[in-house]
Amino acid sequence: FEALNDFGKANNIDLKSNDESTKQPTIKKYNPYISADETPTEDLQIVQEDDADTENLHLNNFSEDNLNNKILDIKNFYISTRLSNSRETLAQQCKPYQDEIQKGTLKYNNAIKQLYILNPTWKQISSIQKGTISELEQLQKINETSKHRVVGLVIETRPDTINSESLTLIRQLGCTKIQIGVQSLYQEILDKNHRYITIKKIEETFSLLRIFGFKIHAHFMVNLLGSNPEMDKLDYANFVQNPAFMPDEVKIYPCSLVDGTPLMDHYNSGEWQAYNEDDLVDVLVHDTEVTPRFCRISRMIRDISAHDIVAGNKKGNLRQIVENKITQKHDQINEIRYREINDEDFAREDLRLNEFEYDTYAAKEIFLEWITPDDKIAGFLRLSLPKKEIIQTLNSENNFPIKFDEAMIREIHVYGKVAKIHKSGVNSQHLGLGKNLVKRAKEIARTTGYKKLNVISSVGTREYYRKLGFVDGDLYQQALL
């Protein structure tokens with residue numbers, strides 16, 4: 001809607017509603033989501049008509065004549081459904097289903113199906129929550145120069161959903177990062193915890209994500225059913241050091257027991273127990289210390305309320321405990337998040353460009369980073385040099401979107417006090433750090449034999465890369481070397 005408002009202002013369209021122009025969709029049957037104090041009498045039950053026309057609610061084009069009316073129609077359509085936004089009301093509506101789940105008489109997915117998928121009001125709402133690629137591209141074009149821009153889109157999924165076709169679509173949506181659940185590289189542990197995926201498929205997924213240029217943000221767990229602290233240490237070290245994986249970013253989650261889950265049975269039988277704090281911290285200290293400098297540990301706990309956790313870590317400052325333990329030993333932490341410069345002051349002349357190379361199954365990776373004398377990181381770039389034999393295998397039918405002579409910038413990130421996108425400043429965002437990272441990436445790609453350099457840009461950074469000599473392509477922006 002911010003993009004639509006920008007469009008409206010640019011074309012002198014008044015997007016403000018008024019009572020006279022408000023058009024309410026027809027309403028008639030019962031809506032189970034209306035809160036108790038809002039529910040009409042039984043003689044005046046509410047939901048959308050089965051055959052209600054929602055075609056006019058789609059943003060098929062953005063002409064001056066229809067944009068204002070379409071936005072008002074959509075707004076009023078949502079108002080007319082009268083879905084409650086009261087936390088207490090929603091909890092009350094879901095409680096019978098939650099009770100059944102905790103008794104084991106109802107599966108979670110079936111509860112979601114009954115609450116939402118089969119509900120007539122939600123079916124009606126979902127009928128307008130769709131659009132064509134063409135409509136999306138129009139909105140993306142508007143957003144490229146909007147005041148508020150999309151500078152990153154993350155999609156979370158499972159390894160078994162990843163293939164060339166799905167990644168092509170995800171890229172068209174503007175996605176730049178994939179979060180993916182791995183949890184463990186022990187096949188027996190995955191099987192025991194009902195993670196029905198093979199290690200081979202995980203390997204293939206990582207290689208394909210890397211070739212497509214996505215930042216790879218993986219989820220990994222400790223204290224899973226069937227594991228132990230020493231197994232966990234070996235498992236994580238393998239994950240961040242094995243060329244088949246080596247994620248860019250990782251969330252390390254200690255397993256927490258929540259009532260109503262199948263793990264309760266194993267807990268009650270004594271087959272699974274939560275690690276005590278000393279053992280858990282010891283595992284996480286090890287995992288932090290073996291994480292390489294190109295990888296960022298974004299989290300160490302899950303967003304689960306402490307009162308919902310039957311067994312497992314309940315401390316919100318677990319990461320601080322782990323990092324303090326390491327610094328007390330005077331050991332070094334190399335992972336990115338700990339080294340981020342954030343709002344600290346630094347002198348431009350004190351920065352040096354460090355180049356860290358590592359090899360993966362799919363590509364040679366070069367991690368370029370601006371660092372201070374005490375190894376704080378002010379900015380970095382991930383340059384991927386795909387292996388030609390991998391590209392040739394994937395391009396067997398000549399329709400693979402990446403060619404063998406194309407290198408890839410998978411990420412650029414510059415830290416410092418955030419300045420507005422249209423204004424200059426004197427922090428790391430505006431010292432030319434990003435520009436010089438791109439310049440160096442071009443030099444490396446050219447001298448290693450690549451003819452073109454792709455960048456997996458977000459919608460909101462396309463203008464930035466155009467100024468650096470990149471031109472728009474189907475999935476990426478590209479510069480000739």
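Residues numbered from 1 in each chain as written. Predicted model: local features only at pLDDT ≥ 70, side-chain atom pairs only at ≥ 80, totals over all residues. Heavy atoms only, no water.

Some remarks on the sheet that holds strand S3 (residues 215-222)
Thinking step 1. Taken in spatial order, the five strands make up an open sheet running S1-S2-S3-S4-S6, and their pairing is parallel. What marks the edges here is a single partner per strand, and that holds for strand S1 (154-157) and strand S6 (296-299). Taken pair by pair, the neighbouring strands of this sheet meet at an average axis angle of 30°, ignoring direction.
Thinking step 2. Contacting strand S2 (177-183) and S3, helix H9 (residues 199-212) runs over the sheet at an angle of about 165° to S2.
Thinking step 3. Most of the contacts of helix H12 (residues 277-290) go to strand S4 (residues 249-254), to which it runs at about 170°, and overall it touches S3, S4 and S6. (Pairing = 2+ DSSP bridges. Helix = DSSP H or I, 4+ residues; strand = E, 2+ residues; numbered from the N terminus. Axes fitted to C-alpha atoms, helices over the stretch in contact; angles between N-to-C directions. Contact = heavy atoms within 4.5 Å.)

Some points on the sheet that holds strand S13 (residues 471-472)
Thinking step 1. One open sheet accounts for seven strands, arranged S8-S9-S10-S11-S12-S14-S13; its pairing is mixed. The two strands at the open ends of the sheet, each matched to only one other strand, are strand S8 (352-359) and S13.
Thinking step 2. Both S13 and strand S14 (residues 477-480) contribute to a ladder of two bridges, which runs antiparallel. In the strand pairing of S14, Asp-472 is matched with Gln-477.
Thinking step 3. Across the face of the sheet, H9 comes into contact with S8, strand S9 (363-371), strand S10 (377-386) and strand S11 (406-414) while running at roughly 85° to S11.
Thinking step 4. Its contacts with the sheet place helix H16 (residues 433-447) against S8, S9, S10, S11, strand S12 (452-455) and S14, and it is angled at close to 25° to S10.

Here's the deal with the pattern of salt bridges
Thinking step 1. Going through the model one piece at a time under the given rule, you end up with 34 salt bridges.
Thinking step 2. One salt bridge in this structure joins Arg-382 and Asp-248, with 3.4 Å as the shortest N-O distance. Taken together, the residues span a long stretch of sequence, with Arg-382 in strand S10 and Asp-248 in the loop between helix H10 (229-241) and S4 at a distance of 134 residues. Like Asp-248, Arg-382 is buried. (Salt bridge = Lys/Arg side-chain N within 4 Å of Asp/Glu carboxyl O. Buried < 20%, exposed > 50% of the residue type's maximum accessible area, 1.4 Å probe, protein only.)

Things to note about the packing of aromatic side chains
Two aromatic rings, taken as a pair, are described by how far apart their centres are and by the angle between their planes.
Thinking step 1. Summed over the entire model, instances satisfying the criterion amount to 17 aromatic pairs.
Thinking step 2. Taking the centre distance of 5.4 Å and the plane angle of 85° together, the rings of Phe-212 and Phe-400 count as edge-to-face. Taken as a pair, Phe-212 in helix H9 and Phe-400 in the loop between helix H15 (388-394) and S11 lie far apart in primary sequence, 188 residues in all.
Thinking step 3. Accessibility expressed as a relative area gives 3% for Phe-400, which makes it buried.
Thinking step 4. Measuring from centroid to centroid gives 6.2 Å for Phe-380 and Tyr-415, while their planes differ by 45°, and the two rings are tilted. Of the two residues, Phe-380 is situated in strand S10 and Tyr-415 in the loop between S11 and H16; the sequence distance between them amounts to 35 residues. Comparing Phe-380 with Tyr-415, the two get one shared label, buried.
Thinking step 5. Through a chain of ring-to-ring contacts, the aromatic side chains of Phe-206, Phe-220, Tyr-236, Phe-239 and Phe-245 assemble into a single cluster.
Thinking step 6. For Arg-348, the ring lying beneath its charged end belongs to Trp-370, and the centroid distance is 4.7 Å.
Thinking step 7. The cationic tip of Lys-376 hangs over the ring face of Tyr-338; the distance from NZ or CZ to the ring centre is 5.5 Å. (Phe/Tyr/Trp six-rings, centres within 6.5 Å; stacked < 30°, edge-to-face > 60°. Lys NZ or Arg CZ within 6 Å of the ring centre and 35° of its normal.)

Some thoughts on the packing of H12 against helix H13 (residues 318-328)
Thinking step 1. Where H12 contacts H13, the two axes come as close as 9 Å, and the packing angle between them is 70°. In this view, H12 runs roughly perpendicular relative to H13, as classed from their interaxial angle. Read as a crossing pair, H12 and H13 show a hand that is right-handed. The residues of H13 that touch H12, namely those facing Glu-277, Leu-280, Val-281, Leu-284, Val-285, Thr-288 and Glu-289, are Leu-318, Ile-321, Val-322, Lys-325 and Ile-326.
Thinking step 2. Here the contact of H12 with H13 is composed, by residue class, of eight nonpolar, one polar and three charged. (Parallel < 35°, antiparallel > 145°, perpendicular 65-115°, else oblique. Left-handed = near helix turned anticlockwise from the far one by under 90°. Nonpolar A, V, L, I, M, F, W, Y, C, P; charged D, E, K, R; others polar.)

Comments concerning the pairing of S9
Thinking step 1. Counted residue by residue, S9 has eight buried out of nine residues, so it is predominantly covered.
Thinking step 2. Summarising the sheet, S8 and S9 pair through eight bridges and their orientation is antiparallel. Counterpart to Leu-353 in the pairing with S9 is Trp-370.
Thinking step 3. Linking S8 to S9, which pair antiparallel, is a turn of three residues.

Things to note about the pairing of S12
Thinking step 1. Across four bridges, the pairing between S11 and S12 is parallel. For Glu-406, the partnering residue across the bridge sits in S12 and is Lys-452.
Thinking step 2. Two elements, S12 and S14, share four bridges in a ladder whose sense is antiparallel. Bridge assignment links Leu-453 to a residue of S14, and that residue is Ala-479.

Describing unusual backbone geometry
Thinking step 1. Notably, His-194 is not glycine yet its phi reads approximately 60°, a positive angle.
Thinking step 2. Within the secondary structure, His-194 is located in the loop between helix H8 (187-192) and H9.
Thinking step 3. With a phi angle near 70°, Asn-223 is a residue other than glycine that sits in the positive phi range.
Thinking step 4. Mapping Asn-223 onto the fold places it in the loop between S3 and H10.
Thinking step 5. Overall, the relative accessible area of 4% leaves Asn-223 in the buried class.

With respect to the nonpolar core
Thinking step 1. Counting 83 residues, the largest nonpolar core has Val-182, Phe-206, Phe-214, Phe-239, Leu-383, Ile-409 and Phe-470 as its most contacted members.
Thinking step 2. Looking at this core element by element, the count peaks at seven residues for H9.
Thinking step 3. Those residues in contact with Phe-470 that lie beyond four places of it in its chain are Ile-409, Val-438, Lys-442, Leu-453, Val-455, Tyr-465, Gln-477, Gln-478 and Ala-479.
Thinking step 4. Residues Leu-224, Met-231, Tyr-253 and Met-264 belong to the second largest nonpolar core, which totals 13 residues. (Core = buried A, V, L, I, M, F, W, Y, C linked by side-chain atoms within 4.5 Å.)

What to know about helix H7 (residues 164-172)
Thinking step 1. Among all positions in H7, only Ser-166, Leu-167, Ile-170 and Arg-171 are buried. One face of H7 carries all of its buried residues, which in axial projection span an arc of 135°.
Thinking step 2. Close packing links the buried residues of H7 with S1, S2 and H9.
Thinking step 3. Downstream of H7 by one or two residues, Gly-174 has phi in the positive range, about 100°. (Arc of directions from axis to C-beta.)

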